[in-house]
Amino acid sequence: MTVSLSADARLSNAGARDFALPEDEAKAAWEADRQHLLHPWTNFASFKERGSFLVSGARGVHVYDTTGRQYLDGMAGLWCVNLGYGREDIVEAIADQARRMPYFTPFVDVGSLPAADLAKEIARIAPGDLNHVFFTCGGSTANDSAVRLIHFYHALRGKKDKRRLLVQMDSYHGSTYLTHSMSGRHTARSPLLNFETEMVQTLRSPNTYRRPEGMDEAGFLDLLISEMEERILSLGADTIAAFFAEPLMGAGGVIVPPRGYHARVQGLCRKYDILYVSDEVVTGFGRLGHFFASAEHFGLEPDIIISAKGITSGYQPLGAVIYSDRMQAVLNAAPEEAWFTNGFTYSGHPVVCAAALATIRAMEAEDICGHVRENGPKFETALKSLLDIDIVGDVRGSHFMMCVEAVADQKTKELFAPKADVGHRIADHAHELGLIARSIGNLIVLSPPLIFTEDHIAETAATLREAITRTRADLKADGFLA
Ligand SMILES: Cc1ncc(COP(=O)(O)O)c(C=O)c1O
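Residues numbered from 1 in each chain as written. Predicted model: local features only at pLDDT ≥ 70, side-chain atom pairs only at ≥ 80, totals over all residues. Heavy atoms only, no water.

Draft legend 1. Here's a closer look at the sheet that holds strand S8 (residues 275-279). Pairing in this open sheet of seven strands is mixed, and the strands run S4-S10-S9-S8-S7-S5-S6 from one edge to the other. Each edge of the open sheet is held by one strand with a lone partner, namely strand S4 (130-136) and strand S6 (200-203). Shown here is a sheet whose adjacent strand axes are inclined to one another by a mean of 25°, direction ignored. Sheet topology note: the S4/strand S10 (residues 319-324) ladder contains six bridges and is antiparallel. (Pairing = 2+ DSSP bridges. Helix = DSSP H or I, 4+ residues; strand = E, 2+ residues; numbered from the N terminus. Axes fitted to C-alpha atoms, helices over the stretch in contact; angles between N-to-C directions.)

So, in structure tokens, the structure goes:
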């Protein structure tokens, strides 16, 4: 089915005119941002020069800049505004709860109705026996809290030495001190910062496109599995607490592992008593056509699922550690003196939970997952048509989580020199043409709102084609392409 128009009907009529600012106000806002705000992931040299692109409003699948110019949002904000902008039902749920009771402590044995309701709803939609939830303020704090929970769990089982974490090169698990160390994108690591390298052990990236030359997919899978088992044996299984992975890597470049990868990794985890944590911060809440991709898309039975982003459609900040009955049985048997000393002032914030409850209601009422299952393959096909451009090496991903990899040579997969800045060039051209796409190195990532229609899909592919064609011409003019 296609997404019901009720989503649009609930949008107020605000648009370009309402979001445009007088020129002096726009300039003042831009200066305030540039002078006073430290953004996440700042490159100081380029920021000093370019400042920020300020977004002043958003409706449906579009965002507007301070001049009132409209852009198609190919990123759903940052992989999160899954239901699109201007949803009065979510806004109303937030306002209602803020009026009723904006906040009360969630600590120890005090709670609120929305947090209790949401925990029950998540247990209903989560796979298998994942019936328990710990709430945090986002994906990073959820992964961080999962590590604490896992250590606590193993210690209760008399296995306190089980503390190491296995992660994958290219993965992204967040930006707290620990979760940044758990993120395997070493190219994204500032040499000026410090990282945890003993507790966190990084395995080879399951990047099928960049597998060793001459190796087929099945051989690559065998290599990944044998390397993982060797690492477990050399470190000692009794020192390893958990394996963390995104079912389909997002920020690391929408990396699709070889077929059968997850099942075999899960087999190793079970063999060596290692918990399997599926980080579904991006893949969850409909992006691959299911509330959670682990079981329904990849046949996995994780011990823990991490959720954030789409769980509130980006309307409020929320993270969730969703864990199993099996783990809860161990926690329930904890001795009286054992406290799980982990938590945040805003764990289970009532207003935030109300936004998540409204998101789940809307997703089910409008069959958003069905819409993604129907239209996701059309998005894949539309983007794959770009492979006829000679600087497009790979188009990969699944449903509404896709990536285009630019290369200097399609056959050898050779990359452009970093100085060519190919990803930025493509994203900048797309921006000029009215499409927001995200560049990561030589990659262009697309994760649009899940309410994208066939028209939006066609517009995205056509705009990206033009952006890549213009980039190709620039690269030629600048001597990066023969
Ligand atoms: C897979 C994954 N895990 C964790 C995070 C961190 O989430 P947050 O930025 O909400 O802390 C992200 C953010 O992009 C992510 O993609």
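Draft legend 2. Broad picture of the site of the ligand. Around the ligand, the surrounding shell consists of Gly138, Gly139, Ser140, Asn143, Tyr172, His173, Gly174, Glu246, Asp279, Val281, Val282 and Lys309. Residue Tyr172 places a main-chain N or O atom 3.4 Å away from a nitrogen atom belonging to the ligand. A distance of 2.8 Å is found between a nitrogen atom of the ligand and a side-chain nitrogen or oxygen belonging to Asp279. A per-element tally of the shell around the ligand places helix H8 (residues 139-156) first, with three residues. (Near = heavy atom within 4 Å. Polar contact = N/O pair within 3.5 Å; in protein donor to acceptor, adjacent residues only side chain to side chain.)

Draft legend 3. Broad picture of the side chain of Glu380. Note that Glu380 resides in helix H15 (residues 368-384). Of the side chains with opposite charge, Lys384 comes closest to the buried, unpaired Glu380, at an N-O distance of 4.6 Å. (Buried < 20%, exposed > 50% of the residue type's maximum accessible area, 1.4 Å probe, protein only. Lys, Arg positive; Asp, Glu negative; His and termini not counted. Salt bridge = Lys/Arg side-chain N within 4 Å of Asp/Glu carboxyl O.)

Draft legend 4. Molecular detail of the nonpolar core. Core analysis: the biggest nonpolar cluster contains 75 residues, and Leu118, Leu383, Leu464 and Ile468 have the highest contact counts within it. Here this core takes ten residues from helix H14 (residues 350-365), the largest share from any one element. If you count residues domain by domain, this core takes at least three from each of domain 1 (6-79 + 369-477) and domain 2 (89-365). In this view, Leu383 contacts Val395, Met402, Leu446, Ala461 and Leu464; residues no more than four positions away in its chain are not counted. (Core = buried A, V, L, I, M, F, W, Y, C linked by side-chain atoms within 4.5 Å. Domains from an automatic or database assignment. Contact = heavy atoms within 4.5 Å.)

Draft legend 5. Region of the structure containing the domain arrangement of the protein. When its domains are assigned, the protein resolves into domain 1 (6-79 + 369-477) and domain 2 (89-365). Computed over C-alpha atoms, the centres of domain 1 and domain 2 are 27 Å apart. In this complex, domain 1 contributes 28 residues to the contact, which on the side of domain 2 involves 29 residues. Carbon and sulfur atoms make up 60% of the surface buried where domain 1 meets domain 2, a total of about 2,400 Å² over both sides. When residues of domain 1 are sorted by the area they lose upon contact with domain 2, Trp41, Trp79 and Met401 head the list and together hold 31% of the total. Counting every contact that joins domain 1 to domain 2 gives one salt bridge. In this structure, the salt-bridge partner of Glu405 is Arg210, at a minimum N-O distance of 2.6 Å. Across the contact surface, domain 1 and domain 2 share twelve residue pairs in polar contact (both at pLDDT 80 or more). Put simply, the parts of the chain that give the side of domain 1 that touches domain 2 at least two residues each are helix H5 (76-79), H15, strand S11 (392-398), strand S12 (401-406) and strand S15 (443-446). Considered class by class, the residues forming the side of domain 1 that touches domain 2 number 17 nonpolar, five polar and six charged. (Buried area = accessible area lost by both parts, 1.4 Å probe. Nonpolar A, V, L, I, M, F, W, Y, C, P; charged D, E, K, R; others polar.)

Draft legend 6. Spatial organisation of the packing of helix H10 (residues 217-235) against helix H11 (residues 261-271). Closest axis-to-axis distance for the H10/H11 pair is 10 Å, and the angle between their directions is 20°. Here H10 lies roughly parallel to H11, going by the angle between them. The handedness of the crossing between H10 and H11 comes out as right-handed. Contacts between H10 and H11 involve Leu221, Asp222, Leu224, Ile225, Met228 and Glu229 on the former and, on the latter, Tyr261, Arg264, Val265, Leu268, Cys269 and Lys271. (Parallel < 35°, antiparallel > 145°, perpendicular 65-115°, else oblique. Left-handed = near helix turned anticlockwise from the far one by under 90°.)

Draft legend 7. How the structure looks around H8. With 18 residues, H8 should cover 26 Å at 1.5 Å per step; its first-to-last C-alpha distance of 26 Å lies within 8% of that length. All of the buried residues in H8 are Gly139, Thr141, Ala142, Asn143, Ser145, Ala146, Val147, Leu149, Ile150, Phe152, Tyr153 and His154. Of the residues one or two after H8, Gly158 is the one with positive phi, at around 80°. (Expected span 1.5 Å × (residues − 1).)

Draft legend 8. Highlighting the packing of aromatic side chains. Throughout the structure, instances matching the rule amount to twelve aromatic pairs. When the centroid spacing of 5.3 Å and the interplanar angle of 40° are considered together, the rings of Phe19 and Tyr64 count as tilted. Placement of Phe19 in helix H2 (residues 16-19) and of Tyr64 in strand S2 (residues 62-65) is noted, with a sequence separation of 45 residues between them. Judged by its relative accessible area of 11%, Phe19 falls in the buried class. Geometrically, the ring pair formed by Phe285 and Phe292 is edge-to-face, given 5.6 Å between the ring centres and 80° between the ring planes. Of the residues examined, Phe285 reaches a relative accessible area of 0% and is grouped as buried. By relative accessible area, which is 3% here, Phe292 ends up buried. (Phe/Tyr/Trp six-rings, centres within 6.5 Å; stacked < 30°, edge-to-face > 60°.)

Draft legend 9. Local environment of the pattern of salt bridges. A full pass over the atoms with the stated rule returns 28 salt bridges. Of the charged contacts in the structure, one is a salt bridge between Arg270 and Glu301, with a shortest N-O distance of 3.4 Å. One end of the pair, Arg270, is in helix H11; the other, Glu301, is in the loop between helix H12 (293-298) and strand S9 (304-307), and 31 residues separate them in sequence. Comparing Arg270 with Glu301 shows no difference in burial state: the two are exposed. The salt bridge involving Glu466 is made with Arg470; its shortest N-O contact spans 2.8 Å.

Draft legend 10. Focus on the sheet that holds S12. On the basis of which strands lie adjacent, the open sheet formed by four strands has the order S11-S12-S15-S14 and antiparallel pairing. Across the chains shown, the open sheet's two edge strands, defined by having one partner strand only, are S11 and strand S14 (438-440). When strand polarity is set aside, the average angle formed by the axes of neighbouring strands in this sheet is 20°. In the sheet, S12 pairs with S15 via four bridges, with the strands oriented antiparallel. Bridging across to S15, Val404 finds its partner in Ile444. H15 contacts S11, S12 and S15 of the sheet and is inclined by roughly 175° relative to S11. Strands S11, S12 and S15 of the sheet are contacted by helix H17 (residues 454-477), whose axis makes an angle of about 165° with S15.

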